[in-house]
Every structure is written in structure tokens, then in C-alpha cells.
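Fold and contact review
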Amino acid sequence: MLRQMAASLCTTFSPSTSKGVSLTAARECGQLVFLEGLKSSVDVFFRAQAEPHPLQFLREADAGNLQPLYEFVREALKPADDGQAAWRCPVLLVDDLSVLLSLGMGAVAVLDFIHYCRAAVCWEQKGNIVALVHDSGDAEDEENDILLNGLSHQSHLILRAEGLATGFCRDVHGQLKILWRTPSQPAAQRDRSLTYQYKIQDKSVSFFAKGMSPAIL
Amino acid sequence: MESVWGVGGLVLLRDSVEWEGRSLLKAFVKKSALCGEQVHILGCEVSEDEFREGFDSSINSRLVYHDLFRDPFNWSQAGGALPGGPLGALRALCKRTEPGPVTIALDSLSWLLLHLPCTTLCQALCALSQQHSPLGGSPPVEPVRVLGLLHMELHGPGPMGALSSLAQTEVTLSGTAGQALAHILCQRPRQHPTHQTQCFSILPDFSLDLQEGPTLESQPHPDPHIPPVEPTTHLTFNLHLSKKEREAKDSLTLPFQFSSEKQQALLRPGPSQATSNIFYEPDVYDDLDQEDPDDDLDV
């Protein structure tokens, strides 16, 4: 029996119960591999490492690429040696790539990291990658724009979450635009993009069509 | 779209996040293969399986895929990387020796531009566009068609301008209301650049379906559901003058316009001068005081 696995890179949050799934239990049984960037970055400076640490670039003055981080992802995807059934269809969750820019990596280096992850996760293992990037909006951040646009061009599906144009609302937290970029889809499909509004709840998110929030109907 | 196929050289396919260009690149690749040309693809952004998806076996047999996607920088050190990295792969394409017409597809030129200096890339593209006889030293046999996919948002005006100057044809993708448009700019030597806009769609087997549509250049399409509005209807003021009104307006003498007639009239004041009168009808509540309010001034 093949089991589904996830490798998650997270810079800020700890694994916790979320959306009704116990991530702590998943981590313990090996289904979830979690790199907590904030905590792990301390190890780079204060503990001697035999091999390059995934976040080795924090230590180097002129870190050219994110190869150690890619090696960590690759290692996490390898099947365990304990004789259990191999994992299938991995999902790599990256939260988030904009932080890597502010830590000094160039946009092209981050794009190359995602390129290699796509080769390993999507092509070799037939899995998926979900990556979060922040849009700098009006602030003209050239590196972030290159990262955002470069990542968009590598993606098959783009989810753009933004606030409402009319301001804050208690019952509608934001708007989600979904854009499909798969070239192999039939040309007859005209719905290349959809827009929904959403409200974030305790352990889930509810979606509805624009202007159709249950609170106002 | 046929003008793209007229002469060889560099063809830039400029796409955006909203309107992706890989399907059009694949449509051009298919057309080249169906014409009997050999097609070389330098694949940087997608895997070989993903690029070949949708082509039948007869097309796939004519495609030679140079895989820069799997391990472009030799991180895995498993020996699968192309020698020399991206630049080596590009230069290796220049050294092909097989005869006959060839199309080279670069997927994508943006990836190469992000990883190579612009000048190096431009020199390699120039070398790529010319096919030399294997004997060397003889003049170029025939130009090679090079299709380059370029993502417009990723590059500044400098590199984009440099690549535009090298290109014989530029196809810029856009669209309105779900309909894809290709704006085609052809630059032939010693000829005026020609510009046309073509509606198109890509069928599931990557055949190109050209559609009738507006061929005006760069005109925004009016939405067919909204009728054009005449802005001068239902106005509360008059925008137009009749002939009589125009004549009256032209013959009007402005009060501060000093003409010779006015000068003569001022120099010789005559009894025929019209005096202006103010007719005032006092209101019930008006307090009319006949005394001069300036009487107390010692002037």
C-alpha cells in the first residue's frame, strides 16, 4: 500500500493541528518532514555540522545557490529504510520564498532552487509543489518581481489572494483569483480564470462567489 | 501568421503570465516538423515528457530534445547534465552538421537570459541563426529558423531591446475576453516593418487555428455586449452653433478690443453716444435714503 507524504519547509510556524489534520502525528510517523527555518537557522551558527546545513547560505558571505536546501528536500523524498511501504505522490509546501530574498539570496538563485525541486518532486516523483510568494504591490521591489513573475511562468496554477478593493469586512476576508496556465488543456475551455471570495474560519476556509457571502444573503 | 514562416532567422515569441506562449511554440514546432524540417529543442523550463505531451509519434520522431531541465548546473553529479552548462549546450547547437532546413526552439530564451550575460546570449543567437556548410569557410547555405520563447515581465528594456534588434519577427501574445491575439511585427532588411494582429487558438493536438478577427493594429476591442454610446446626447447645454449663431458670434466686437473705429468714437464724443441706464424697482422692504452717505467726508 502506498502512502501519501509531504515535505514541508516552513520559516516561521511550528507544526500543529490545522484544518482537522494532526500534523504532529503525521510528523511522528514519517509522513510529514518538517524543516522549521527559524529554529534550524540557529544550528547553522551554534552547532558544528559535518555536512552542509540546509540553510548554509546564512553563514556564507557570498552564497551563490541553494543547493544544500535542495539536497535536504531530495533526502526527505527518499523512501525510509524501515521496510514500510514507499510513499507516493509527494507534496512540497514552501512557506515562503520571499523570506529567502530578504535573507540575501538572489531571485535567480531562488528560481533555480524551485527548478530543481520541480525536477525532483514533479517530474521524478510525480508529485506537486505549493509555494508561497508575497507580491510587493506598489513597492517597487525588482528582485521580488522577478521571483514572482518567474515563479508564475513555472506554475501550472496560480492562486492570487488579495484584500477586497472596498476595504476590510468582517464576513469576507479577501478575494482569491485562480488562473490556469496548463497549455495541454483543451482550447474549448474558456474558464481560464475564476474569482472567489473567502472567509477564514477556525480550521477551514469557506469560499463563495463574489457578492454571495452567506452573511449578506 | 504565414509571414512568420516566410524567412528564417530569429522569431521571438513574447508571452506573459496571463497569456502563456509555450502552446504557440509547440504549434510552431509541430508545423516545422510537418514541413519535413528537423527540429532541435533546447528545453530549460519543462521536462522532455511535458514538452512532447500532445504530439503524435510522427512529430516526436522528428524532435531532438536537448535536456537542460533535469540538471542544468550538475548538482546531482550523476553525469546526466549537458556538458558546459547552458552556454555549452547553446554552442553545441551551433555546431550541428546535418544538412537540410532546421528549426531550433529555445524553451525558453528567458531562462537563458537569466543565466547568461546578455551579450554572450546575443552572440550565440547570431551564430545559431546562420547555418554554415560543414566544410567551413564557405558562405552560409541557408538561414536557420530560431524560435525563442521570451517572458516579457522578467526582463528590463535593455535586454528586450537587444533581442528585438536581432529578431526578424516578433510575436507578442495578448488577448481579450478569452480570445488569444498575436501581434506580429516583421522586420525584413531593406523593407518597412509590417505589423498585423491575428486572432488564433491552439487545438488539443497543437494545430494552429487562425480565426477571422479585427486586423487593425493595436485597436482595443469594444465589448460586443455594450452598444457604443454617443456622449453628446442628452446634454443640458449646446455644443454646436448654427450658421446664423456663428455669424453673430464672428461679428461681435469685444469690449476691450481697441479698433480704429473705437478710437475715433472716443476722440469725438457725440450726442449719438448711447448711454447706459439702470432701471431699478425698489422692493417693499428697501430703505431708500436720499442722503449722500459720503457727506461727512471732507472731500
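Refer to the structure above for everything that follows.
The text that follows walks through the structure, step by step, so that each part is easy to find. (Residues numbered from 1 in each chain as written. Chains lettered and ligands numbered in written order. Predicted model: local features only at pLDDT ≥ 70, side-chain atom pairs only at ≥ 80, totals over all residues. Heavy atoms only, no water.)

Turning next to the overall build of chain B. Helix and strand content of chain B: nine helices and 11 strands. With 299 residues in all, chain B has 37% of them scored as buried. Within chain B, residue pairs in contact and separated by at least 24 positions form 60% of the contacts whose partners lie at least 6 positions apart. Surface exposure of chain B reaches about 18,300 Å², of which carbon and sulfur atoms provide 56%. (Helix = DSSP H or I, 4+ residues; strand = E, 2+ residues; numbered from the N terminus. Buried < 20%, exposed > 50% of the residue type's maximum accessible area, 1.4 Å probe, protein only. Contact = heavy atoms within 4.5 Å. Areas by Shrake-Rupley, 256 points an atom, 1.4 Å probe, with all protein chains shown as cover.)

The next thing to look at is the sheet that holds strand β9 (residues 193-200) of chain A. Residue and element names in this part refer to chain A. Taken in spatial order, the four strands line up as β7-β8-β9-β10 in an open sheet, and their pairing is antiparallel. Of all the strands in the sheet, just β7 (157-162) and β10 (205-208) have a single pairing partner and so form its edges. Looking at each pair of strands side by side, their axes are set apart by 30° on average, direction ignored. The pairing of β7 with strand β8 (residues 174-180) spans six bridges and is classified as antiparallel. Across the sheet, the residue bridging to A161 is L176, located in β8. (Pairing = 2+ DSSP bridges. Axes fitted to C-alpha atoms, helices over the stretch in contact; angles between N-to-C directions.)

Next up on the list: the pattern of salt bridges. For the structure shown, the criterion picks out 12 salt bridges over all chains. Residue E162(A) is joined to K177(A) by a salt bridge in which the shortest nitrogen-to-oxygen separation is 3.4 Å. Residue E162(A) is located in strand β7, and its partner K177(A) is located in strand β8; the two are separated by 15 residues in the primary sequence. For K177(A), a relative accessible area of 34% corresponds to the partly exposed category. E45(B) is the salt-bridge partner of R22(B), the closest N and O atoms lying 2.6 Å from each other. Of this pair, R22(B) sits in helix α1 (residues 22-34) while E45(B) sits in the loop between β2 (38-43) and α2 (48-52); the two residues are 23 residues apart in sequence, bridging distant segments of the chain. Judged by relative accessible area, which is 9%, E45(B) ranks as buried. (Salt bridge = Lys/Arg side-chain N within 4 Å of Asp/Glu carboxyl O.)

Before going further, it helps to examine the interface of chain A and chain B. Listed per partner, the contact involves 29 residues of chain A and 31 residues of chain B. Together chain A and chain B conceal approximately 2,800 Å² of surface at their shared face, both sides included; 59% is due to carbon and sulfur atoms. Of all residues in chain A, the largest losses of buried area upon contact with chain B belong to Y116(A), W123(A) and H153(A), amounting jointly to 25% of the total for that side. The interface formed by chain A and chain B holds one salt bridge in total. Here E18(B) and R160(A) are joined by a salt bridge, their closest N and O atoms 3.5 Å apart. Our count for the chain A to chain B interface comes out at 13 residue pairs in polar contact (both at pLDDT 80 or more). Of the residues in the side of chain A that touches chain B, the class split is 13 nonpolar, nine polar and seven charged. (Buried area = accessible area lost by both parts, 1.4 Å probe. Polar contact = N/O pair within 3.5 Å; in protein donor to acceptor, adjacent residues only side chain to side chain. Nonpolar A, V, L, I, M, F, W, Y, C, P; charged D, E, K, R; others polar.)

Okay, the packing of aromatic side chains next. Here the structure, examined in full by the defined rule, presents 10 aromatic pairs over all chains. Pairing F51(B) with Y65(B) gives two aromatic rings, centres 5.9 Å apart and planes at 50°, and the pair type is tilted. With F51(B) in helix α2 and Y65(B) in strand β3 (residues 63-67), the pair connects residues that are 14 residues apart, well separated along the chain. Overall, F51(B) belongs to the buried group, its relative accessible area being 1%. Judged by relative accessible area, Y65(B) falls into the buried class, the value being 11%. Put simply, the rings of Y70(A), Y116(A), F73(B), W75(B) and W111(B) pair up and form one aromatic cluster. Sitting above the plane of the F55(B) ring, K26(B) keeps its charged end 5.4 Å from the centroid. (Phe/Tyr/Trp six-rings, centres within 6.5 Å; stacked < 30°, edge-to-face > 60°. Lys NZ or Arg CZ within 6 Å of the ring centre and 35° of its normal.)

Let's shift gears to helix α2 (residues 37-46) of chain A. Residue and element names in this part refer to chain A. The set of residues buried in α2 consists of G37, S40, S41, D43 and V44. Down the axis of α2, the buried set is contained in an arc of 150°. They therefore lie on one face. Opposite the buried face of α2, at more than 90 degrees from it, the exposed residues are L38, K39 and F46. (Arc of directions from axis to C-beta.)

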